[in-house]
Amino acid sequence: MAALDLFGRRWSMRILWELRAGPLGFRPLQKRCDDMSSSVMRQRLTELLDAQVIHQLPDSRYELTPLGQEARHALNPLARWAERWAATINPQGADHTDDQTAGRVPDSDTVGDGTPEKGSAD
């Protein structure tokens, strides 16, 4: 329940998403998060730091910790589901070629298009 509480807070998941490709400083991270307010950004960063999901480098940039990387990987099935959901709701507007999924090798429990195989726990 504590993890759901942490990740359910507004902007927490977005911060994890934006740090997936590597470290970012406060301002670049804030820009990638649609210019969220500085006070909310500081609060979420503090919460994620306290939870040891991210850490701050000596140059003040933030990056995912090994626990943060595990959380990101654990959320991949949710991201795949969200892509399928978006395609179902708006088949003409769905874009499945973002930088996270482009060129990604499907997990062993998915078929070539990323949908779960029959009987998959996903």
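Keep in mind that what you see is a predicted model, and the values were worked out from it rather than measured.

## Quick notes on unusual backbone geometry
Phi at Asp 34 is positive, roughly 55°, even though this residue is not glycine. Within the secondary structure layout, Asp 34 lies in the loop between helix H3 (26–32) and helix H4 (38–50). Of note, the phi angle at Ser 60 is positive, near 80°, even though the residue is not glycine. Assignment of secondary structure puts Ser 60 in the loop between strand S1 (54–56) and strand S2 (62–64).

## What to know about the packing of aromatic side chains
Counted according to the given criterion, the structure contains one aromatic pair. Positioned above the aromatic ring of Trp 17, the side-chain terminus of Arg 20 is 3.8 Å from the ring centre. In this structure, Arg 42 is placed above the aromatic ring of Phe 26, and the distance from its NZ or CZ to the ring centre is 4.4 Å.

## Digging into the nonpolar core
Of all hydrophobic cores here, the largest spans 19 residues; its most connected members are Ile 15, Leu 19, Leu 29, Met 41, Leu 45, Val 53 and Ile 54. Every element with two or more residues in this core is listed here: helix H1 (2–8), helix H2 (12–18), H3, H4 and S2. Top contributing element to this core by residue count: H4, with three residues. Ignoring sequence-local partners within four residues, the contact set of Ile 15 consists of Leu 29, Cys 33, Met 36, Met 41, Arg 44, Leu 45 and Leu 48.

## Re the environment of Met 36
Positionally, Met 36 belongs in the loop between H3 and H4. Residues Met 36 and Trp 11, spaced 25 residues apart in sequence, show a C-alpha to C-alpha distance of 8.4 Å. The residues touching Met 36, leaving out its near neighbours within four places in the chain, are Trp 11, Ile 15, Gln 30 and Met 41.

## Regarding H4
Under the 1.5 Å per step criterion, the end-to-end length of H4 is 18 Å for 13 residues, consistent within 8% with the ideal 18 Å. Listed as buried for H4 are Met 41, Arg 44, Leu 45, Glu 47 and Leu 48. Across the axial projection of H4, the buried residues extend over an arc of 160°, all falling on one side. For H4, the exposed residues lying more than 90 degrees away from the buried face are Ser 39 and Asp 50.

## Quick word on the pattern of salt bridges
Counted under the stated rule, the structure contains seven salt bridges. One salt bridge in this structure joins Arg 9 and Asp 5, with 2.5 Å as the shortest N-O distance. We classify Asp 5 as partly exposed; its relative accessible area is 43%. Of the charged contacts in the structure, one is a salt bridge between Asp 59 and Arg 61, with a shortest N-O distance of 2.7 Å. Overall, Asp 59 belongs to the partly exposed group, its relative accessible area being 45%. Put simply, Asp 5, Arg 9, Arg 44 and Glu 47 are held in one network by salt bridges that share partners.

Quick notes on the rules
- Residues numbered from 1 in each chain as written.
- Predicted model: local features only at pLDDT ≥ 70, side-chain atom pairs only at ≥ 80, totals over all residues.
- Heavy atoms only, no water.
- Helix = DSSP H or I, 4+ residues; strand = E, 2+ residues; numbered from the N terminus.
- Phe/Tyr/Trp six-rings, centres within 6.5 Å; stacked < 30°, edge-to-face > 60°.
- Lys NZ or Arg CZ within 6 Å of the ring centre and 35° of its normal.
- Core = buried A, V, L, I, M, F, W, Y, C linked by side-chain atoms within 4.5 Å.
- Buried < 20%, exposed > 50% of the residue type's maximum accessible area, 1.4 Å probe, protein only.
- Contact = heavy atoms within 4.5 Å.
- Expected span 1.5 Å × (residues − 1).
- Arc of directions from axis to C-beta.
- Salt bridge = Lys/Arg side-chain N within 4 Å of Asp/Glu carboxyl O.

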